[in-house]
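# A closer look at the structure
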Amino acid sequence: MARHRTKSCRPFLFAVLLPAVAWLPIAGGAQAIEVAYLSPAGDATEATPSGLLPPATDVYYGTQGEPRSDPAPRPATADYPRYGNLNNRLAMWVITQQHTYFGGFVLALPIFCLIIEMMGLMARDRITSARYDRLARDFLRISLIAFSVSSLLGACLVGALLTLYPTFFRYISGVFKSMMWIYALVFLAESIALYLYYYSWDRMREGARKWLHASLGLVLNVFGTMLLFLANSWVSFMMSPAGVDQSGRYLGNAWHTLHTALWNPFNAHRFLADMMTGGAVVLGYAAFRFMTAKTEDEKGYYDWMGYVFMFLTMAALIPMPFAGYWLMRSVYEYRQQLGVTMMGGMLTWMFVLQAIAVGALFIGANYYLWQGMMRMPGAERYHRCIKYLLYGLILSFLVWFTPHTLWMTAEETKAIGGAQHPVIGNFGVMSAKNGAINLMIVLSGVSYILYKRANKVLTANWQQTGNMIITVVFTGAMLNIVGLAVYGFYLPAHIRVGLSLPQFLSTATALVVGLLVNRALLKDARPIGPVAWGRVSIRGQMTLFLLGMAFTWVMGLMGFIRSSGRLGWHVHEIMRDASAWSFTPGLGAAAGMVTLNMALFWIFLVGVFWLSRTTLAEAEAPERIWAGTGGTREPAFGQPVPNQGLLEDG
């Protein structure tokens, strides 16, 4: 019963997170592996007397195939070359993480550029349209340089695999040999689309040609997303192999190799993570440029840039916990041992560390919004609400990172009667965790509504009804989320996990209904005064900069947790890691490497930003010049600007 209920959630979650990829074969695959391991005597996939599957049987789908590659090798320590005191794993860790960071940056920036370009196309006046157009073109220029760096790091990654892990690379490239040419073609298509999108910007700036140019951006992002999905197939295969038999021989079905048990959740999770990485980079860049700006015009522009990308980054952060939940649920469905290792074994405290970082991101994002109210006259009437939002966020944060079991000595465990604390132990169960993160998301939605209303007076004749609807949906959502979290204390674990869906639905309903009603109320609102871009405190900009670094740190930590779940396997249960570095590093060592990778990434980014400034004089021309409404340079942000554009305040 519990297994059936778990699978029934998958179509809904997939429709929300990744509608472009078919989920049905995964469900069939889960059934197939049950047949492969649990089928009665006489079935086509009947187990051999030794308990193993028959030869040439897919380890996941349970189907028969024709072996088309050699079995997975059984490497020994001698198969891993040594180069002095070089630690092969640490070297691969650095190269892979930098490639992942830049790959995510390259994926996210064109998506952001397309979204911002569309916002400019839909803007209500020419100056606002040119403002968005300028912002999108600025970052597309950076994307060109980052694409080159990412390609170079990709070549370094292949070279490192050939040099440091030759046996593993020969095997994995042999399994994916039939798809290598597809990857190459998609990479070439993305490269051509990127350069066409950038160099056609000026030629296709007006009229119908501008819409055609946006279509080029759409094509570019389709190719970029396809490239991400193809790259994810290697990662998902290493953790949940399919398309091979128990000896690791490829059985000729490329779709099975690609579409493993974890491929769909990996795609959703990595896509959102890459969006967060790209947004984080822009947040740090905007904050740094604001703090080093010498004119009010520059401060206004970079303040506005940070706000726009904070909005886009939060749009990726909010569904991230649900994507992570889907991924871990799929891990448990595939192999419970993997899930226990990651969330209940040696990697448990990594998840606690991740929870602290994610909670800090939500609190930091809300703090930035509160500081941003300084730009808006009339916002002081909402200041009294901030402390209550902060109390709710902090309480949710404390529950969010409370571990289910504590790290104690034998004497301490005996003193409290077990590893679970008698008072706060319940806060570590899944229903409480989901309740805490959902509550933080709902409270963030309330902060955003207050921010949008800060410099406006509602004039709609139905404002009382609208305010009542917003109050009811948010209050009802919070009560339902907390009530289900507490109810989960009294349920078995296999039933408690099902409470995540109604909690998520409560959050989604509150956000969709509340934000849409608030937007309708603000449509005819009377502005108290214009937004004074650049009039934000240094504390707010420092928060923005630290948020950018924190986003990338969390991405690195999540990558480590995901990879470490395989323990001593290159390919889980197919090919062992026999190197001298196959052990799982401790908490301190892992956190140190994640921090080192984050620092290296930001150092590389400084170089990318420096190179991108070769044509910065043109990029920083005020919007009135870009829009063709003025012939001289004049401040665009030095004075407060009226509420314009799709975001209504920028």
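Residues numbered from 1 in each chain as written. Predicted model: local features only at pLDDT ≥ 70, side-chain atom pairs only at ≥ 80, totals over all residues. Heavy atoms only, no water.

### Comments concerning the overall build of the chain
The helix and strand tally for the chain stands at 24 helices and 4 strands. Going through the 650 residues of the chain one by one, you find that 55% of them count as buried. Residue pairs in contact within the chain that sit at least 24 positions apart in sequence constitute 83% of those at least 6 positions apart. Carbon and sulfur atoms form 67% of the exposed surface of the chain, whose accessible area is close to 27,500 Å². (Helix = DSSP H or I, 4+ residues; strand = E, 2+ residues; numbered from the N terminus. Buried < 20%, exposed > 50% of the residue type's maximum accessible area, 1.4 Å probe, protein only. Contact = heavy atoms within 4.5 Å. Areas by Shrake-Rupley, 256 points an atom, 1.4 Å probe, with all protein chains shown as cover.)

### With respect to a nonpolar patch on the surface
Residues M291, I538, M542 and L546 make up a contiguous nonpolar surface patch of roughly 340 Å² in combined accessible area. Broken down by element, the residue count for the nonpolar patch peaks at 3 residues, all from helix α21 (residues 538-564). (Patch = residues over 30% accessible without salt bridge, like charges linked within 9 Å, V, L, I, M, F, W, Y side chains within 5 Å. Salt bridge = Lys/Arg side-chain N within 4 Å of Asp/Glu carboxyl O.)

### Concerning the pattern of salt bridges
For the structure on display, the rule yields 9 salt bridges. Its salt-bridge partner being D138, residue R141 comes within 3.7 Å of it at the nearest N-O pair. Pair noted here: R141 and D138 are both in helix α5 (residues 126-164), with a separation of 3 residues, about one helical turn. Neither R141 nor D138 differs from the other in exposure class; each is buried. Between D245 and R249 there is a salt bridge, with the nearest N and O atoms lying 2.8 Å from each other. Its relative accessible area of 21% is what places R249 among the partly exposed residues. Members of the salt-bridge network, linked through shared partners, are E117, D133, R137, D202, R205 and K210.

### Description of the nonpolar core
Judged by nonpolar contacts, the single largest core of 162 residues is most densely connected at L135, F139, Y171, M305, F309 and V571. Examining the composition of this core, we find that 16 residues originate from one element, helix α4 (residues 88-121), more than from any other. If we ignore the near neighbours within four places in the chain, the residues touching V571 are F168, Y171, I172, F237, M238 and P241. Residues I449, I470, A477 and A525 belong to the second largest nonpolar core, which totals 14 residues. (Core = buried A, V, L, I, M, F, W, Y, C linked by side-chain atoms within 4.5 Å.)

### Considering helix α10 (residues 263-292)
Along an α-helix, a turn takes 3.6 residues, which lines up residues three or four apart on a common side. Between its first and last C-alpha, α10 extends 43 Å over 30 residues, near the 44 Å set by a 1.5 Å rise per residue. Most of α10 sits out of view: 26 of its 30 residues are buried. (Expected span 1.5 Å × (residues − 1).)

### Details of the packing of α5 against helix α6 (residues 166-175)
Packed helix pairs are specified by the crossing angle of their axes together with the interaxial distance, meaning the distance between the axes. Following both chains from N to C, one finds α5 and α6 inclined at 120°, their axes separated by 5 Å at the closest point. Put simply, α5 runs oblique to α6. When α5 is examined against α6, the residues V158, L161, L162, T163 and L164 are found in contact with a partner set consisting of P166, F168 and F169. Its residues placed into classes, the contact of α5 with α6 shows 7 nonpolar, 1 polar and no charged. (Axes fitted to C-alpha atoms, helices over the stretch in contact; angles between N-to-C directions. Parallel < 35°, antiparallel > 145°, perpendicular 65-115°, else oblique. Nonpolar A, V, L, I, M, F, W, Y, C, P; charged D, E, K, R; others polar.)

### A closer look at the packing of aromatic side chains
Tallying each qualifying case throughout the model produces 29 aromatic pairs. For the pair Y285 and Y302, a centre-to-centre distance of 6.2 Å together with 85° between the ring planes defines the contact as edge-to-face. Here Y285 is found in helix α10, whereas its partner Y302 is found in helix α11 (residues 296-317), with 17 residues between them in sequence. Feature note: the residues F112, Y132, F139, Y285, Y301, Y302, W304 and F309 constitute an aromatic cluster, connected by ring pairs. Directly above the ring of Y301 sits R134, whose terminal nitrogen or CZ lies 3.4 Å from the centroid. For the cation-ring pair, K299 lies above F290, with the distance from its terminal atom to the ring centre recorded as 5.9 Å. (Phe/Tyr/Trp six-rings, centres within 6.5 Å; stacked < 30°, edge-to-face > 60°. Lys NZ or Arg CZ within 6 Å of the ring centre and 35° of its normal.)

### Considering the environment of M598
Topologically, M598 is positioned in helix α22 (residues 587-612). Here M598 falls in the buried class, since its relative accessible area comes to 9%. Taking the C-alpha atoms as reference, M598 lies 9.2 Å from M555; in sequence the two are 43 residues apart. Apart from residues lying up to four places away in sequence, M598 is in contact with Y101, M549, T552 and W553.

### Remarks on the side chain of T167
For T167, the position within the fold is in helix α6. Residues in contact with T167, not counting those within four places in the same chain, are P73, P75, D79 and M575.

### Here we look at helix α18 (residues 463-487)
Here α18 spans 36 Å end to end across 25 residues, near enough to the 36 Å set by a 1.5 Å rise per residue. For α18, the set of buried residues is G466, I470, V473, F474, A477, I481, L484 and A485. In this fold, the buried residues of α18 make contact with α17 (430-453) and α20 (500-522).

### Comments concerning unusual backbone geometry
Although it is not a glycine, L567 adopts a positive phi angle of roughly 55°. Its place among the elements puts L567 in the loop between α21 and β3 (569-571). Of note, E573 is a non-glycine position whose phi angle comes to about 65°, a positive value. For E573, the location among the structural elements is in the loop between β3 and β4 (575-576).

### What about the environment of T225?
Residue placement: T225 occurs in helix α8 (residues 207-239). Residue T225 is classed as buried on the basis of its relative accessible area, which comes to 18%. Taking the C-alpha atoms as reference points, T225 and V186, separated by 39 residues in sequence, lie 9.8 Å from one another. For T225, the residues in contact, after removing those within four places along its chain, are L107 and F271.

### Re the confidence of the model for the chain
The share of residues in the chain with pLDDT of 70 or more is 83%, and the mean pLDDT across the chain is 80. Between residues 1-51, whose pLDDT stays under 50, and residues either more than four places distant or in other chains, the model counts 83 contacts. Here residues 617-636 is a poorly scored stretch, pLDDT under 50, and it has 48 contacts once near neighbours within four places are set aside; other chains count. (pLDDT = per-residue confidence, 0-100.)

### Examining the environment of R562
Considering the arrangement of structural elements, one finds R562 in helix α21. Considering only alpha carbons, one finds R562 and L327, 235 residues apart in sequence, at a separation of 9.9 Å. Discounting chain neighbours no more than four positions away, the residues touching R562 are V235, M239, F266, H269, R270, L327 and M342.

### Observations regarding the side chain of S396
Note on placement: S396 falls in helix α15 (residues 383-400). Residue classification places S396 among the buried positions, given a relative accessible area of 4%. Excluding residues within four positions of it along the chain, S396 makes contact with A436, L439 and M440.

### Concerning the packing of α5 against helix α7 (residues 180-199)
As a packed pair, α5 and α7 sit with axes 10 Å apart at the nearest point and diverge in direction by 150°. Considered as vectors, α5 and α7 are oriented roughly antiparallel to each other. Note on packing geometry: the crossing formed by α5 with α7 is left-handed. For the pair formed by α5 and α7, the contact residues are R137, L140, R141, S143, L144, F147, S148 and S151 on the first element and F187, E190, S191, L194, Y195, Y197, Y198 and Y199 on the second. Classifying every residue of the contact of α5 with α7 gives 9 nonpolar, 4 polar and 3 charged. (Left-handed = near helix turned anticlockwise from the far one by under 90°.)

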